[in-house]
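Survey of secondary and tertiary structure
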Number of protein chains: 2
Amino acid sequence: MKQLHESAPVSQEADVSSDEAMREHLGYSLKRAYMCMHRKATDELEKFSLKVRSFSALSLIVANPGIPPSRLAEILQIERSNLVLIMDELETRELISRTRDPHDRRRFALNATLRGKRLQEKAAAATLAQQTQITARFTAAEYETLTAFLRRIEEEA
Amino acid sequence: MKQLHESAPVSQEADVSSDEAMREHLGYSLKRAYMCMHRKATDELEKFSLKVRSFSALSLIVANPGIPPSRLAEILQIERSNLVLIMDELETRELISRTRDPHDRRRFALNATLRGKRLQEKAAAATLAQQTQITARFTAAEYETLTAFLRRIEEEA
DNA sequence: TATTGTTATACTCTATAACTATA
DNA sequence: TATAGTTATAGAGTATAACAATA
């Protein structure tokens, strides 16, 4: 009969080791799927000298003209202090502008320049094209189901 | 007629700013869902003085007795060099043991101690209980569908 | 007194190169 | 010559506290 407390097994029989034990943890599978998408997006965005982070910020500024940094940080769930460097870089590259809000001179209004809008458009097209490749085997209905699930996790947590 | 190139809008009308523009990017929604789970797991594992990273490593050692560090790093998709500190901490806390593989003295065999197994069991129970809360409104079928989708993303990417 | 943007800083995570011992 | 484990280190990413300007 096999001992309950066998001591220090030394090597795996062949190659049976796997991460199956972690698969019951939803966060584990979520992270891995996220990392796959992140790697792909990073590669794609490198062509535009953008990081995923700065692309997200630029996209939200394009979509929300005049948004103040504090609101952008809130949406992106990052610290205002960490957003500063991202904005600095986007502004230096003349992709966005910072203008004072005359109604509340503590705030800035962020706006994408024409150049910023054009770059965002191209970068979005590139990442979405590549996303389409990855999700090619998903039907439209399946894709909708997936994104609905992801939203529910955010809402429930 | 509205100008095509209006200059520098300054503030949003009320509070319409949102991240809706990023929602067509699957990676964005994946990251946010992942971050929710990660935050919750971090809080829960803090009670056991474990990080998500070290809990994952410990769990895989429990599930794969005798696994060598190089294989563990491969499964976790992290650098061997970064795994060393994680193993050091787990070993110092006597949750795992490192023993030389006599067949290949370059390798170590990692094994969870009884203490390590017990801690892993409790920590897994805690995180899974909390995961159940988050996914409470998912039917079993929906949950299966979600995890299958996540696996497909990993496989396609 | 509170908020916005900012600076400085520390802490964690991750990536890379080089070393040793073994094969 | 190649591989496993390790060390050291640099670079990101992230979090916190404090400050000036403004409300």
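The following paragraphs examine the structure supplied in this document.

**Observations regarding the interface of chain A and chain B**
It is common to give the size of an interface as the accessible area that goes away when the parts come together. Every contact between the two is made by 73 residues of chain A and, on the other side, 73 residues of chain B. The interface formed by chain A and chain B includes ten salt bridges. Salt-bridge contacts for Glu154 of chain B lead to Arg23 of chain A; the nearest nitrogen and oxygen are separated by 2.9 Å. Inspection of the chain A/chain B interface yields 22 residue pairs in polar contact (both at pLDDT 80 or more). Listing elements by their share of the side of chain A that touches chain B, those giving two or more residues are α1 (26–46), α2 (52–63), α3 (69–76), β1 (96–100), β2 (108–112), α5 (114–134) and α6 (140–156) of chain A. Among the elements that make up the side of chain A that touches chain B, the one with the highest residue count is α1 of chain A (13 residues). In terms of residue class, the side of chain A that touches chain B is made up of 33 nonpolar, 21 polar and 19 charged.

**Considering the protein's contact with DNA strand D**
In the vicinity of DNA strand D there are 20 residues, among which Arg53 and Ser81 of chain A together with Pro69, Ser70 and Ser81 of chain B approach most closely. Sugar and phosphate atoms form 53% of the subset of DNA strand D atoms that lie within 4 Å of the protein. In this structure, a phosphate oxygen belonging to DNA strand D sits 2.5 Å away from a main-chain N or O atom of Ser70 of chain B. Within the backbone of Phe108 of chain B, one N or O atom sits 3.1 Å away from a phosphate oxygen of DNA strand D. A total of four residues in the surface near DNA strand D trace back to one element, the largest contributor, which is helix α4 (residues 80–92) of chain B. Residues that form the surface near DNA strand D fall into these classes: five nonpolar, four polar and eleven charged.

**As for the relation of the copies chain A and chain B**
Least-squares fitting of chain A to chain B yields an RMSD of 0.0 Å, with the transformation described by 0.0 Å of translation along the axis and a rotation of 180°. On the angle and the small slide along the axis, the relation comes out as a two-fold axis. Comparing interface residues between copies, 100% of those in chain A also lie at the interface in chain B; the contact surface is shared.

**Considering the pattern of salt bridges**
Residue and element names in this part refer to chain A. Evaluated as defined, the whole model comprises 28 salt bridges over all chains. Here Arg23 and Asp19 are joined by a salt bridge, their closest N and O atoms 3.3 Å apart. Taken individually, Arg23 and Asp19 each receive the classification buried, so the pair is uniform in this respect. The partner of Arg93 in a salt bridge is Glu89, and the shortest N-O contact between them spans 3.5 Å.

**Some details on the packing of aromatic side chains**
A ring pair, where both rings are aromatic, is described by two values, the distance of the centres and the angle of the planes. Under the definition given, this model contains three aromatic pairs over all chains. Judged by centre distance (5.1 Å) and plane angle (50°), the ring pair of Phe138 of chain A and Phe149 of chain B falls under tilted. One end of the pair, Phe138 of chain A, is in the loop between α5 and α6; the other, Phe149 of chain B, is in helix α6 (residues 140–156), on a second chain. In this structure, Phe138 of chain A and Phe149 of chain B share a single accessibility class: buried.

About the criteria used
- Residues numbered from 1 in each chain as written.
- Chains lettered and ligands numbered in written order.
- Predicted model: local features only at pLDDT ≥ 70, side-chain atom pairs only at ≥ 80, totals over all residues.
- Heavy atoms only, no water.
- Contact = heavy atoms within 4.5 Å.
- Salt bridge = Lys/Arg side-chain N within 4 Å of Asp/Glu carboxyl O.
- Polar contact = N/O pair within 3.5 Å; in protein donor to acceptor, adjacent residues only side chain to side chain.
- Helix = DSSP H or I, 4+ residues; strand = E, 2+ residues; numbered from the N terminus.
- Nonpolar A, V, L, I, M, F, W, Y, C, P; charged D, E, K, R; others polar.
- Near = heavy atom within 4 Å.
- Least-squares fit on C-alpha atoms with pLDDT ≥ 70 in both.
- Buried < 20%, exposed > 50% of the residue type's maximum accessible area, 1.4 Å probe, protein only.
- Phe/Tyr/Trp six-rings, centres within 6.5 Å; stacked < 30°, edge-to-face > 60°.

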